[in-house]
Amino acid sequence: MSAPPWLDDEPWLRQLLHALLDSQEKPRTRAVTRRIKRSTTPALFAFDEDTEYRWQLVERLADEHGLFEIRYDPRRAPHQERYDNAQLRLRANAEPLLRDWLERPRVDPVQAQWQAALDSHHQVFLDGGTALLETRPCLPGRSPAEMVAAFARLPALLGQGRLGQDLTLRELSARAFHGDSKFLDARADLLARLFGPRAAAIPARPLLLTAWAPAAFQHLLIVENQDSFLRLVERPPEATALLYSGGFRASAARLNSEHTRFAYLPGSDADHFQRHWLDPNRCAMFWGDLDYAGLGILAALRQSLPHLRAWRPGYRPMLEALLNGDGHTPEQARKHGQTDPGQTGCDYTDQHLLPALRVHGRFLDQEGFSVG
């Protein structure tokens with residue numbers, strides 16, 4: 001519905017409509033209203049003008065266009081104008097039409113705060129801050145101005161590591177974002193848009209793994225949980241090196257990258273392990289919890305170690321216990337959010353372990369089983 005042509009000739013009326021829209025944009029718990037008084041609408045009390053005609057225009061906006069409803073004051077005195085102290089109540093569905101007439105598109109107040117904050121820092125960012133405006137990354141309790149200022153600090157922090165080395169992503173995050181070291185973990189794309197090649201220069205966080213590696217080992221066994229790993233170190237399988245994966249920490253594609261670091265338990269032959277642990281001709285096995293998350297780790301690890309298989313001596317007694325009615329439901333162990341990994345590429349897992357989980361709907365943790 002187009003604005004009535006006479007609206008442009010009545011600036012006082014446009015001012016009244018703007019006032020209603022201003023109230024609509026403010027935080028409130030009630031409908032937007034406006035009292036018609038000399039102080040709020042002086043044009044209707046300028047009696048040297050045609051105030052009766054002016055009020056008729058207000059009534060037309062209510063009756064013909066449905067912008068608001070008019071509630072007259074039943075207690076007005078006989079000598080008062082009939083619209084004196086009347087109340088205009090803006091209809092809830094009138095806002096889009098009113099914005100169209102007044103050419104005032106809705107502005108997201110939070111977006112406006114981000115834009116205002118970027119106006120002071122846009123020169124810091126390669127894209128002028130567009131990526132921040134689009135994604136609006138937030139921390140609870142922090143304003144857009146604080147968030148933009150934190151991102152604007154990052155270039156100054158690059159190169160401040162010891163011995164001339166750049167800070168890692170976790171170090172940058174903790175120093176810029178109020179001690180939160182993990183805030184930037186999943187925001188590599190955002191940093192690339194904001195800082196370009198400088199973001200690419202941020203060193204990858206080393207992957208730290210614990211290993212027990214006897215001399216001349218022939219097999220590699222990766223263990224999901226710490227207690228089971230340490231029990232196996234006490235009574236290790238013959239000629240087998242043990243690697244503690246720490247849940248998903250070792251599942252990243254960078255497992256076999258230059259950024260992987262090892263902490264070796266006493267009795268380990270570190271040099272031999274470093275040279276041979278990725279050898280595809282050596283048997284590589286994984287043992288973890290008998291649940292979807294544990295077998296998901298196996299599937300993820302196979303991206304770096306395609307020859308990795310489920311360790312049958314560990315999983316066989318767990319499978320037998322599951323088939324005999326043992327195990328906990330996902331809800332009992334707060335594992336209801338786990339996702340079936342589907343096909344892992346390991347025959348024993350895909351043909352025996354996963355089908356059993358799907359049929360019985362229960363899980364088992366590896367700490368309940370001693371092997372060796």
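To keep things clear, this report deals only with the structure shown in the data block.

Analysis parameters
Residues numbered from 1 in each chain as written. Predicted model: local features only at pLDDT ≥ 70, side-chain atom pairs only at ≥ 80, totals over all residues. Heavy atoms only, no water. Helix = DSSP H or I, 4+ residues; strand = E, 2+ residues; numbered from the N terminus. Rg over C-alpha atoms; globule rule 2.2 N^0.38 Å. Buried < 20%, exposed > 50% of the residue type's maximum accessible area, 1.4 Å probe, protein only. Contact = heavy atoms within 4.5 Å. Polar contact = N/O pair within 3.5 Å; in protein donor to acceptor, adjacent residues only side chain to side chain. Pairing = 2+ DSSP bridges. Axes fitted to C-alpha atoms, helices over the stretch in contact; angles between N-to-C directions. 1 Å grid on protein atoms, 1.4 Å probe; cavity = no way out; pocket = protein on both sides within 12 Å on 5 of 7 lines; lining within 4 Å. Points joined across faces, edges and corners; volume = space filled by probe spheres on them. Nonpolar A, V, L, I, M, F, W, Y, C, P; charged D, E, K, R; others polar.

1. Details of the overall build of the protein chain
A count of helices and strands for the protein chain gives 14 helices and nine strands. The C-alpha radius of gyration of the protein chain comes to 34 Å, more than 25% above the 21 Å expected for a compact globule of 372 residues. In terms of principal-axis extent, the alpha carbons of the protein chain reach across some 105 × 55 × 30 Å. Residue burial in the protein chain is summarised as follows: out of 372 residues, 44% are buried. Contacts in the protein chain between residues far apart in sequence, at least 24 positions, make up 66% of those at least 6 positions apart.

2. Quick notes on the environment of Q366
Position of Q366 relative to the elements: it lies in the segment after α14 (347–360). Put simply, Q366 and F195 are 171 residues apart on the chain and 45 Å apart in space, counted from C-alpha to C-alpha. In terms of polar contacts, Q366 uses its side chain to reach the backbone amide nitrogen of N225, at 2.9 Å.

3. Observations concerning the sheet that holds strand β3 (residues 87–90)
Backbone hydrogen bonds hold the strands of a sheet together, and the pairing may be parallel or antiparallel. With antiparallel pairing, the three strands of this open sheet are ordered in space as β1-β3-β2. A strand with exactly one partner marks an edge of an open sheet, and here the two such strands are β1 (33–35) and β2 (68–71). Neighbour-to-neighbour, the strand axes of this sheet turn through a mean angle of 20°, independent of strand direction. Of the pairings in the sheet, the one linking β2 to β3 comprises four bridges and is antiparallel in character. Following the sheet pairing, F68 is matched in β3 by L90. Against the sheet, helix α1 (residues 11–25) touches β1, β2 and β3, its axis set at about 135° to β1.

4. A look at empty space enclosed by the protein
One pass over the structure, following the stated rule, counts one cavity of 30 Å³ or more. Taken as a whole, the largest cavity spans an internal volume of roughly 50 Å³. Forming the boundary of the largest cavity are L154, L158, L172, L184, L191, F195, R198, A199 and I202. Of all the elements in the fold, those that place two or more residues in the lining of the largest cavity are α8 (188–195) and α9 (197–200). In terms of residue class, the lining of the largest cavity is made up of eight nonpolar, no polar and one charged.

Keep in mind that these numbers describe shape and distance, not what the molecule does.
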